[in-house]
Amino acid sequence: MALVIEKGPTLRERTTLRLGGRTLAEVGARTDADWDELPKALERLGGRPLVLGWGSNILACDGELPLVVVNPPAPVGPAPVGTREGAIVVRVGASVRLPLLLAWTASKGLAGLEGLAGIPGTVGGAVAMNAGSYGCEVGQCLSRVKLFSPSTGVGWIESDLFTCAYRSFAVLGPAARDSFRVILEVEFTLMVGSPELLRKVMKECLARKTATQPVRAASAGCVFRNPAPGVSAGRLMDQAGLKGRSLGGMAFSELHANFLVNTGQGRSEHALELMDIARRVVREKFGHELETEVEVVGCS
Ligand code: EPU
C-alpha cells in the first residue's frame, strides 16, 4: 500500500469558521505501515502538515497556503475492548465525531464524557486539544493513545507518556521531539452509569450551550483561552464592550464575546485584526494577556 495523495482542499470548505485558502495537497493512509512514508511525502510536497479533523478549532488564513492536510484514518468504533477495575475500556478511531461517540456512550450507559455534549469536533481533535466543557475534559477519561510520530512510527502510548492540561495535550518521551504527530485511535476508561441520567445531563449541557453560545453560527468556538482559572475571557471581552464588534464579515458574537463568527464573506485579515483589538483592549482595561485558543494556521 501507499499514502493516498490528492489535490489540496481549500480550508474555507473544511473549517467551521469558513476561512482559509488552498492547501498544497491532502494525504491519508490506508494501513498503519503507510504512515512511515509521511515525512518523505511532506518533504516532496514542500509543505508543513496540518492534521485535520472536523476543523472546528482552526482559524486558517486566506491565500495560497504552504500546508499539506493530513487526514486521520476512516472512522472505526466505538467498541468496548475490556474492563479495568470495574470500568469499561472503549476504543474509538480519531475521525469519529464526538457527538456520535457521546450518543453511543449514552445508549450503552457509559459515563465520563457526557459534559462534552455540544462540542462539534472529532475524537482526535478533541484529544489533541484536551477539549472541555462544564467541568468535563477529554483527558479525564483518556487511558491510551495510538499515534504516528516520525521518530517512533505508529504505536500505542500509555498514560505515563502523555499529559493533559487546560486545553492542551502533550506527549512525553521520544515522540515529544517531533514537530508533529497524528492521533489515530484512543481508548477511554468509562464508568457504568444510567442511560437515562446520561441523556438528561447531555440534554442540559446542550440547552445551556445553545442559550449562551452561538452554536449554529460559523465559528471556531472560543478564540482566546481563559487567562486564569475562573476568569472568563468572554466575560472580560464583554465588559470591555467587544460583544458584537465587527470588521468586514467577522464579528465577536452578541451571545458570547469570545466567539468570533463569520457572518458571511469573512476574511482572515479581519479576524486577526479583531483579535489584536481584543488583546489590546483587555490588556489596557484589565491587565490580562489573552492567549489564542484556536489554532491559527497558514499565516505568515
Ligand atoms: N460571560 C459574559 N459575557 C460573555 C461570555 C460570558 O458575561 O460574553 C459570563 C457568563 O455569563 C458566565 C461567565 O462569563 O458568568 C463564564 O461564561 P461561560 O460559562 O460561557 O464560560 P467561559 O469561561 O466563557 C468556557 C470555555 C468554553 C466552554 C464553557 C463552558 C474557554 C476559553 N472557554 O467558557 O469552551 O464551552 O466554558 O464550560 O475555556 C471552547 O473552548 O472553544 C469553548 C467554547
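Keep in mind it's a predicted model, so treat the numbers as computed, not measured.

*Asks:* With reference to specific residues and values, describe the overall build of the protein chain.
*Replies:* Looking only at helices and strands, the protein chain has 6 helices and 20 strands in total. Taken over C-alpha atoms, the radius of gyration comes to 19 Å for the protein chain, in line with the 19 Å a tight globule of 300 residues would show. Along the first, second and third principal axes, the C-alpha set of the protein chain runs to 50 × 50 × 30 Å. Taking all 300 residues of the protein chain together, 50% fall into the buried category. On the protein chain, the mean spot of the 33 positive side-chain charges and the mean spot of the 30 negative ones are 4 Å from each other.

*Asks:* So what's going on with the pairing of strand S15 (residues 182–192)? Which residues, and what values?
*Replies:* With 8 of 11 residues buried, S15 is to be regarded as a mostly interior element. Inspection of the sheet shows strand S7 (residues 87–93) paired to S15 by 6 bridges, in the antiparallel sense. Directly across from Ile88, in S15, lies its bridge partner Leu190. Examined bridge by bridge, strand S8 (residues 110–111) and S15 share 2 bridges and lie antiparallel to one another. Within the sheet, the bridge partner assigned to Leu110 lies in S15 and is Val192.

*Asks:* Which residues make up the packing of aromatic side chains, and what values go with them?
*Replies:* What the rule picks out here adds up to 3 aromatic pairs. Judged by centre distance (6.1 Å) and plane angle (25°), the ring pair of Trp35 and Phe148 falls under stacked. Linking Trp35 in the loop between strand S2 (25–28) and helix H1 (38–45) with Phe148 in strand S11 (residues 142–149), this pair joins segments that are 113 residues apart in sequence. Each member of the pair, Trp35 together with Phe148, is buried. Ring geometry for Phe148 against Phe180: centres 6.5 Å apart, planes inclined by 50°, an arrangement best described as tilted. Here Phe180 lies in the loop between strand S14 (168–171) and S15 and Phe148 lies in strand S11, a separation of 32 residues in the sequence. You'll find Phe148 and Phe180 in the same group, each marked buried. Grouped by ring-pair contacts, the aromatic residues Trp35, Phe148 and Phe180 constitute a single cluster. In this structure, Arg144 is placed above the aromatic ring of Trp156, and the distance from its NZ or CZ to the ring centre is 4.3 Å.

*Asks:* Describe the nonpolar core, naming the residues involved and giving the relevant values.
*Replies:* One finds Val123, Val127, Val145, Val186 and Phe188 to be the most contacted residues of the largest nonpolar core, which totals 39 residues. Among the elements that make up this core, the one with the highest residue count is helix H2 (residues 98–108) (5 residues). Among all residues touching Val186, those that are not within four sequence positions of it are Val90, Arg91, Val92, Val123, Val127, Leu142, Arg144, Val145 and Trp156. Grouped together as the second largest cluster of nonpolar side chains are 24 residues, Phe224, Leu236, Met250 and Val282 included.

*Asks:* I'd like to hear about the site of the ligand, residue by residue, with values.
*Replies:* Taken together, 20 residues surround the ligand, and among them Tyr134, Tyr166, Asn226, Asp238 and Glu293 come closest. One nitrogen or oxygen atom from the main chain of Tyr134 is found 2.7 Å from an oxygen atom belonging to the ligand. Isolated, the ligand exposes 820 Å² of accessible area, and the fraction of that covered by the protein chains is 74%. Secondary-structure elements contributing two or more residues to the shell around the ligand are strand S16 (218–222) and helix H5 (233–239). Here the shell around the ligand takes 3 residues from H5, the largest share from any one element. Of the residues belonging to the shell around the ligand, the class tally is 6 nonpolar, 8 polar and 6 charged.

*Asks:* Any chance you could break down unusual backbone geometry for me, citing the residues and the numbers?
*Replies:* A cis amide bond links Gly77 to the next residue, Pro78, at an omega of 10°. Residue placement: Pro78 occurs in the loop between strand S5 (67–71) and strand S6 (79–84). With a phi angle near 45°, Glu85 is a residue other than glycine that sits in the positive phi range. Within the secondary structure, Glu85 is located in the loop between S6 and S7. On the basis of relative accessible area, Glu85 is assigned to the exposed category, the value being 82%. At Tyr134, a position not held by glycine, the phi torsion is positive, near 45°.

The rules behind these values
Residues numbered from 1 in each chain as written. Predicted model: local features only at pLDDT ≥ 70, side-chain atom pairs only at ≥ 80, totals over all residues. Heavy atoms only, no water. Helix = DSSP H or I, 4+ residues; strand = E, 2+ residues; numbered from the N terminus. Rg over C-alpha atoms; globule rule 2.2 N^0.38 Å. Buried < 20%, exposed > 50% of the residue type's maximum accessible area, 1.4 Å probe, protein only. Lys, Arg positive; Asp, Glu negative; His and termini not counted. Charge placed at Lys NZ, Arg CZ, Asp CG, Glu CD. Pairing = 2+ DSSP bridges. Phe/Tyr/Trp six-rings, centres within 6.5 Å; stacked < 30°, edge-to-face > 60°. Lys NZ or Arg CZ within 6 Å of the ring centre and 35° of its normal. Core = buried A, V, L, I, M, F, W, Y, C linked by side-chain atoms within 4.5 Å. Contact = heavy atoms within 4.5 Å. Near = heavy atom within 4 Å. Polar contact = N/O pair within 3.5 Å; in protein donor to acceptor, adjacent residues only side chain to side chain. Areas by Shrake-Rupley, 256 points an atom, 1.4 Å probe, with all protein chains shown as cover. Nonpolar A, V, L, I, M, F, W, Y, C, P; charged D, E, K, R; others polar.

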